[in-house]
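Topology and contacts: notes
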Amino acid sequence: MAQVILIGEGEEAPAPPGDLKHFKSKDTLSKFGYKAEEIDNTWFWIAGTEEYFRSSEAKRLNIDPAEVDLANGCFSPGTSNCIPCGHKRCERYHDPDTNLYYCVCRWP
């Protein structure tokens, strides 16, 4: 099982699978990130779910998925960036096991 990866500020996220490209949208938001999913041998971006988010955060924090604080999830308009979390710092993560790219708000 691979570790969840912190994507540092200004760093490029690990490449998604297939021929997918990272994206930034002004029309789409997801609180639980975006997941690369293969359907009939074609890769697509789908919105992350609470279940995927809980699973990735639980793995990263070494806690039970039920203990994950959903309030720490922050909206992202794509896989390239996060929306600032007010007074908190927004961090981007990638879970290579599930192909989930997501954002988390942290107190500085």
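The residue numbering used here restarts from 1 in each chain and proceeds along that chain's sequence as written. In keeping with the model being predicted, local features are shown solely for residues with a pLDDT of at least 70 and side-chain atom pairs are shown and tallied solely at 80 or more, while totals for entire chains, interfaces and linings include all residues. Excluding hydrogens and water, the side-chain figures rest on all heavy atoms present in the structure.

In this structure, Asn-41 takes a positive phi of about 65 degrees despite not being glycine. Exposure categories follow from relative accessible area, calculated using a 1.4 Å probe and restricted to protein chains: below 20% of the type maximum is buried, above 50% is exposed, and the middle band is partly exposed. Since its relative accessible area comes to 72%, Asn-41 is described here as exposed.

A few words on the sheet that holds strand 5 (residues 100-106). Whether two strands pair depends on DSSP finding at least two bridges between them. Runs of E in the DSSP output that reach at least two residues are strands. Runs of H or I that reach at least four are helices, and both are numbered from the N terminus. If you walk across this open sheet you meet the 5 strands as 1-4-5-2-3, and the pairing is antiparallel. Either end of the sheet is taken by a strand with one partner, and the two such strands are strand 1 (5-7) and strand 3 (42-47). Each strand of the sheet is rotated relative to its neighbour by a mean of 30 degrees, with strand direction disregarded. Note: strand 2 (residues 34-39) against strand 5, 2 bridges, orientation antiparallel. Residue pairing across strands places Lys-35 opposite Leu-100, the latter belonging to strand 5. The criterion used for residue contact is that any of the two residues' heavy atoms lie within 4.5 Å. Fitting a line to C-alpha atoms yields each axis, with helices limited to the stretch in contact; the angle taken between N-to-C directions then spans 0 to 180 degrees. Packing of helix 1 (residues 50-61) onto the sheet brings it into contact with strand 2, strand 4 (89-95) and strand 5, and relative to strand 5 it is tilted by some 65 degrees.

Here is the rule: rings of Phe, Tyr and Trp (six-membered ring for Trp) pair when centre to centre is within 6.5 Å. Planes less than 30 degrees apart are stacked, more than 60 are edge-to-face, and the remainder are tilted. Counted by the stated rule, this structure contains 6 aromatic pairs. Both rings, one in Phe-23 and one in Tyr-34, keep their centres 5.1 Å apart while their planes meet at 75 degrees; by these two values the pair is edge-to-face. Here Phe-23 is found in the loop between strand 1 and strand 2, whereas its partner Tyr-34 is found in strand 2, with 11 residues between them in sequence. Ring geometry for Phe-32 versus Phe-53: centroids 5.4 Å apart, planes at 50 degrees, classification tilted. Of this pair, Phe-32 sits in the loop between strand 1 and strand 2 while Phe-53 sits in helix 1; the two residues are 21 residues apart in sequence, bridging distant segments of the chain. Side by side, Phe-32 and Phe-53 carry an identical accessibility label, which is buried. Counting every residue linked through ring pairs, the aromatic cluster contains Phe-23, Tyr-34, Trp-45 and Tyr-101. Criterion for a charge above a ring: Lys NZ or Arg CZ within 6 Å of the ring centre, and within 35 degrees of the ring normal. Over the face of the ring belonging to Tyr-52 we find Lys-35, whose NZ or CZ atom lies 5.1 Å from the ring centre. Over the face of the ring belonging to Tyr-93 we find Arg-60, whose NZ or CZ atom lies 4.2 Å from the ring centre.

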